[in-house]
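Take a look at the letters that make up each chain.
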Amino acid sequence: MKDKEQMDQGALLKNICTTIGIFVAATILAVTFFHYSANSTSVAIIYVLAVMLIARYTSGYVPGIVASFIGVICVNYVFTYPFMRLNFSIDGYPVTFVSMAVISGLTSALTTKFKKQNQILNEREKLLMEAEKETMRANLLRAVSHDLRTPLTSIIGMADSYLAGIDRLTESEKSYMVKSISEDANWLLNMVENLLSVTRIRVGETRVNTTPEPLEEVVSEAVMRLKKRLPQANKIQVQVPENFLMVPMDAVLIEQVIINLLENAVYHSGADDIELYVIQQEDKVEFHIRDYGKGIAPERLTVIFDGAGMESNQSGDSHRGMGIGLTICKTIINAHQGTIYGRNWAQGAEFIFTLPLGEDKSNGK
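Conventions we followed
Residues numbered from 1 in each chain as written. Predicted model: local features only at pLDDT ≥ 70, side-chain atom pairs only at ≥ 80, totals over all residues. Heavy atoms only, no water. Helix = DSSP H or I, 4+ residues; strand = E, 2+ residues; numbered from the N terminus. Buried < 20%, exposed > 50% of the residue type's maximum accessible area, 1.4 Å probe, protein only. Contact = heavy atoms within 4.5 Å. Areas by Shrake-Rupley, 256 points an atom, 1.4 Å probe, with all protein chains shown as cover. Core = buried A, V, L, I, M, F, W, Y, C linked by side-chain atoms within 4.5 Å. Patch = residues over 30% accessible without salt bridge, like charges linked within 9 Å, V, L, I, M, F, W, Y side chains within 5 Å. Salt bridge = Lys/Arg side-chain N within 4 Å of Asp/Glu carboxyl O. Pairing = 2+ DSSP bridges. Axes fitted to C-alpha atoms, helices over the stretch in contact; angles between N-to-C directions.

*Asks:* Can you walk me through the overall build of the chain in this structure?
*Replies:* A tally of regular secondary structure across the chain gives nine helices and eight strands. For the chain, buried positions account for 40% of its 365 residues. When contacts within the chain are restricted to residue pairs at least 6 apart in sequence, those whose partners lie at least 24 apart make up 73%. Carbon and sulfur atoms make up 59% of the accessible area of the chain, which amounts to about 21,100 Å² in all.

Rendered as structure tokens:
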């Protein structure tokens, strides 16, 4: 109740200050204009404009209606002969009064209507953003539960088998089990890095703080990190624009996106040749990661970034699931106000994501 009263008092004070301020400015302008032209009709137009501004920048209908009365009185009292005396018997004043009242009333009504519509639209936008955040959170949790469970199960199974048969296993079998445990542990580490990357996106916001970063360095760093983790990823062909290009981004997050997409291509395409190339458009840059493997099932393309297009892991391969990596890619790119999608070619698949260049398109040669 107190908050409502404070809001009402604040709105009333704002209306009063706005009305006084606009009328003072209009009066100064009218006096100046009348001093040089002695034309009361033009002065009346100035006050009509003041009434419209008051109706526009105040809330409710009262300020505009009151302003129309004050405006007519000011024109009559100050700028019409006999000066400093009220005389409403002059021809045309009833029309002027009614016109100013109608203008202020219509302007107030339309302004109030537009303000309410704008408030409703803002509330709907907030609800949609909250719903999108909840959906993203649910998809991320589903992807995490799917992709973390498999390597953990594999590690536990391998460790139990190793301990149970430590006396009868051959050295090659032991080496294979330890290697598998190491690979699954590294895979888990990669997923933890993905989750830590998402924490860089501040809670409650859908955008990240970006700074201009050299495109070539970000791509190079991502490829180097991937090759350290996956020595088999040595046939990746990289191509970036020849001109020096600075792109607004969070470099750590974009490197993680590139690594995730390249890693998926290495594990899931069934092909050795992978291409990473970047194309500069007028207001954005496009990152293309293409392989020449088996492609993606068409029905999964529309849901693969939402964690709903994950394959069942019938083979027991802990690297089979793509859910968490692609879900996080979508989260990061959306936070950069970019787009991400996948498509199939006659041979292989391609993932494309874009980053806006913003106002500062810093290109140099």
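*Asks:* What should I look at first to understand the nonpolar core in this one?
*Replies:* Inside soluble globular proteins, nonpolar side chains tend to come together where they are buried. Counting residues in each nonpolar core, the largest one holds 45 residues, and the members touching the most others are Ile-254, Ile-258, Leu-262, Phe-287, Phe-353 and Leu-355. Considering every element that reaches this core, the biggest residue donor is helix H7 (residues 251-268), with ten residues. Listed in part, the 16 residues of the second largest apolar core include Ala-30, Phe-34, Ile-46 and Ile-54.

*Asks:* Any chance you could explain a nonpolar patch on the surface here in plain terms?
*Replies:* The grouping of Tyr-61, Val-62, Ile-65, Val-66, Phe-69 and Ile-70 at the surface amounts to a nonpolar patch, some 520 Å² of accessible area in total. Along the chain, Val-62 turns up in helix H3 (residues 62-79). Given a relative accessible area of 59%, Val-62 falls into the exposed group.

*Asks:* What is the right way to look at unusual backbone geometry in this model?
*Replies:* Keep in mind that most residues, glycine aside, have a negative phi and that most peptide bonds are trans. With phi around 60 degrees, Gln-337 is a residue other than glycine that occupies positive phi space. You can see Gln-337 is positioned in the loop between helix H9 (323-335) and strand E6 (340-344). Here Gln-337 falls in the partly exposed class, since its relative accessible area comes to 43%.

*Asks:* Sorry, what's going on with the sheet that holds strand E5 (residues 284-291) here?
*Replies:* With mixed pairing, five strands are arranged side by side in an open sheet as E2-E4-E5-E7-E6. This sheet does not close on itself; its edge strands, each paired only once, are strand E2 (236-239) and E6. Averaged over all neighbouring strand pairs, the angle between strand axes comes to 15 degrees, with direction disregarded. Where strand E4 (residues 274-280) and E5 come together, seven bridges link them in antiparallel fashion. Paired with Ile-279 across the bridge in E5 is Glu-286. Strand contacts of helix H6 (residues 215-229): E2, E4 and E5, with the helix running at about 165 degrees to E4, the strand carrying the most contacts.

*Asks:* In this structure, what is going on with the environment of Asn-190? I would like to understand it.
*Replies:* Looking at the element boundaries, Asn-190 is found in helix H5 (residues 171-198). Take Asn-190: its relative accessible area is 2%, and that puts it in the buried class. Sequence spacing of Asn-190 and Asn-260 is 70 residues, and the spatial spacing of their C-alpha atoms is 9.1 Å. Sequence-distant contacts of Asn-190, defined by excluding residues within four places in its chain, comprise Arg-229, Gln-256, Asn-260 and Glu-263.

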